[in-house]
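Notes for the structure review
Residues per chain, in single letters:
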Amino acid sequence: AWRPSSFDADTAASYELDDERTFSRDLVRTAPVATGAIQTRASKIIGTGLTLQSRINAEELGISQDEASEWQSKTEKRFHMWARSKFADVTREQNFYQLQDLVLRSHDESGDVFSLLVNKQRQGWPFRLAVQVVEADRICNPLGRLDGGSLISGVERAADGEPMKIHLARYHPGNVKRSGANDWTEVSFYGPSGRRNVLHLKKMQRPGQTRGRPCLAPI
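First, a word on scope: everything that follows refers to the structure included in this document. A quick note: this is a predicted structure, and the numbers were derived from the prediction, not measured.

Calculation rules
- Residues numbered from 1 in each chain as written.
- Predicted model: local features only at pLDDT ≥ 70, side-chain atom pairs only at ≥ 80, totals over all residues.
- Heavy atoms only, no water.
- Core = buried A, V, L, I, M, F, W, Y, C linked by side-chain atoms within 4.5 Å.
- Buried < 20%, exposed > 50% of the residue type's maximum accessible area, 1.4 Å probe, protein only.
- Helix = DSSP H or I, 4+ residues; strand = E, 2+ residues; numbered from the N terminus.
- Contact = heavy atoms within 4.5 Å.
- Pairing = 2+ DSSP bridges.
- Axes fitted to C-alpha atoms, helices over the stretch in contact; angles between N-to-C directions.
- Phe/Tyr/Trp six-rings, centres within 6.5 Å; stacked < 30°, edge-to-face > 60°.

Glancing now at the nonpolar core. Formed by Phe114, Leu116, Val134, Ile139, Val155, Ile166, Leu168, Val187, Phe189 and Val198, the largest nonpolar core amounts to 10 residues. Where this core is concerned, the elements lending two or more residues are strand S1 (112-119) and strand S5 (163-169). What Val134 contacts, discounting residues up to four positions off in sequence, is Val113, Phe114, Leu116, Ile139 and Leu168. By size, the runner-up hydrophobic cluster in this structure holds nine residues, among which are Trp82, Ala88, Tyr97 and Leu99.

Below is the structure:
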């Protein structure tokens, strides 16, 4: 009676992904073994947060080792200044090191997670970069459209498969207390200058796979 069908990565995932996310999150909430598995990964991979250690190639850049050391020291100080501040978070709730933990946990529970690199000017603060972490469910097809053509689960791809833009819902689809109808914003992976706007964190398991699967999906 074992007669599985042979689908491409996105077709196979489309039937199961919503249920996999729901069951995965419920396991993390209610099953101590699942909770411990996610916690262990976060503790061992992220810990108190991955930080920058700047090492540039002085010879390749045509500068002295002293100049390279000075540049590295200044760069690390500026990075730590930004990363330790809650201004690194669009919502001003977490610093960059805490966001790393949030992103890994969300990736493991939901299968993937998106981070938007936002320009946000704050009074008296020298840096404009801020990170907006977006849960997987909010990247979805507008108005419940079915997957087809270049649009798969809220992600648009070019003809050669390169991800070009995401469709970001204003509200999480499971937000039952929202006011008004949902709407979607298109965000390009890269801006006109080539600057990266969107980071899509997922583990690829098959060629052509658009969205990731939760770590607990096999369970």
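Don't stop here, the text continues.
Our next topic: the sheet that holds S1. Pairing is antiparallel in the open sheet, where three strands are placed in the order S2-S1-S7. At either margin of the open sheet sits one strand with a lone partner, and together these are strand S2 (129-135) and strand S7 (198-202). Geometrically, the sheet is characterised by an average inter-axis angle of 25 degrees between neighbouring strands, direction not taken into account. Across seven bridges, the pairing between S1 and S2 is antiparallel. Opposite Val118, over in S2, you have Ala130 as the bridge partner. Contacts from helix H6 (residues 96-110) reach S1, S2 and S7 within the one sheet, and its direction differs from that of S1 by about 145 degrees.

As defined by bridge partners, strand S4 (residues 155-157) adjoins S5 across three bridges and the pair is classed as antiparallel. Bridge assignment links Arg157 to a residue of S5, and that residue is Pro163. In textbook terms, the turn of a hairpin is the stretch between consecutive antiparallel strands, and for S4 and S5 this stretch comprises five residues, one of which, Gly161, has a positive phi near 100 degrees. Across five bridges, S5 lies against strand S6 (residues 184-188) in antiparallel orientation. What sits directly across from Ala169, in S6, is Trp184.

The next thing to look at is the packing of aromatic side chains. Applying the stated criterion across every chain, the model contains seven aromatic pairs. Here Phe79 and Phe96 contribute two aromatic rings whose centre-to-centre distance is 5.9 Å and whose plane-to-plane angle is 90 degrees, an arrangement assigned as edge-to-face. Placement of Phe79 in helix H5 (residues 65-83) and of Phe96 in helix H6 is noted, with a sequence separation of 17 residues between them. For Phe96, a relative accessible area of 22% corresponds to the partly exposed category. Judged by centre distance (5.5 Å) and plane angle (75 degrees), the rings of Trp125 and Phe127 are edge-to-face. By relative accessible area, which is 12% here, Trp125 ends up buried. Judged by relative accessible area, Phe127 falls into the buried class, the value being 13%.

Further remarks concern the sheet that holds S6. Taken in spatial order, the four strands line up as S3-S4-S5-S6 in an open sheet, and their pairing is antiparallel. Of all strands in the sheet, those with a lone pairing partner are strand S3 (151-152) and S6, marking the two edges. Sheet analysis places S3 next to S4, joined by two bridges and oriented antiparallel. By the bridge assignment, Leu151 is partnered in S4 with Glu156.

This paragraph deals with the environment of Pro32. Tracing the backbone shows Pro32 in helix H3 (residues 32-45). By relative accessible area, Pro32 is classed as exposed at 68%. In this structure, the C-alpha to C-alpha distance between Pro32 and Phe79, residues 47 residues apart in sequence, is 37 Å.

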